[in-house]
Structures are given as C-alpha cells and as structure tokens.
Amino acid sequence: MSTLPLRAPRVPALPATGFARAVAAVLLMIDVLSEAQEQARAAHKRYPFADW
C-alpha cells in the first residue's frame with residue numbers, strides 16, 4: 001500500500017515567533033489557573049462545609 005509523503009514548508013524562524021510563543025504559554029497558564037479557581041469556587045459553593 002502506498003502512502004503520500006507529507007512535507008511541512010520550511011519557514012525561517014523570526015525573532016517575533018519566539019516571543020509570541022512565550023506570550024501564548026503565559027496566557028495559557030493564566031487561563032488554566034483561572035479555570036481551576038472557578039472550579040474550586042464551584043466546589044466550595046456546592047460543599048460549603050468541606051475542609052480542604
């Protein structure tokens with residue numbers, strides 16, 4: 001059975017792409033932490049007498 005060869009285009013790395021990745025990673029961590037806080041608030045609202 002034959003397969004198609006897939007090749008990604010080579011794009012030269014720009015300095016701005018590294019910065020954009022770093023910013024994206026920081027924003028992702030902020031998003032994850034805020035979602036975790038929302039879930040913790042919801043759990044505390046549902047079980048107010050639970051001791052964490």
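Residues numbered from 1 in each chain as written. Predicted model: local features only at pLDDT ≥ 70, side-chain atom pairs only at ≥ 80, totals over all residues. Heavy atoms only, no water.

## So, the overall build of the protein chain
When helices and strands are counted, the protein chain shows one helix and zero strands. For the protein chain, the C-alpha radius of gyration of 21 Å lies well beyond 10 Å, the compact-globule estimate for 52 residues. Within the protein chain, buried positions represent 0% of all 52 residues. Carbon and sulfur atoms make up 66% of the accessible area of the protein chain, which amounts to about 5,600 Å² in all. Within the protein chain, one finds 6 positive and 4 negative side-chain charges whose respective centroids are separated by 15 Å. (Helix = DSSP H or I, 4+ residues; strand = E, 2+ residues; numbered from the N terminus. Rg over C-alpha atoms; globule rule 2.2 N^0.38 Å. Buried < 20%, exposed > 50% of the residue type's maximum accessible area, 1.4 Å probe, protein only. Areas by Shrake-Rupley, 256 points an atom, 1.4 Å probe, with all protein chains shown as cover. Lys, Arg positive; Asp, Glu negative; His and termini not counted. Charge placed at Lys NZ, Arg CZ, Asp CG, Glu CD.)

## What to know about a nonpolar patch on the surface
The grouping of Phe19, Val23, Val26, Leu27 and Ile30 at the surface amounts to a nonpolar patch, some 490 Å² of accessible area in total. Taking relative accessible area as the criterion, Phe19 reaches 60% and is therefore assigned exposed. (Patch = residues over 30% accessible without salt bridge, like charges linked within 9 Å, V, L, I, M, F, W, Y side chains within 5 Å. Salt bridge = Lys/Arg side-chain N within 4 Å of Asp/Glu carboxyl O.)

## What about the environment of Ala20?
Among the secondary structure elements, Ala20 is positioned in helix α1 (residues 15-46). Classification of Ala20 as partly exposed rests on a relative accessible area of 44%. With 13 residues separating them along the chain, Ala20 and Arg7 place their C-alpha atoms 24 Å apart.

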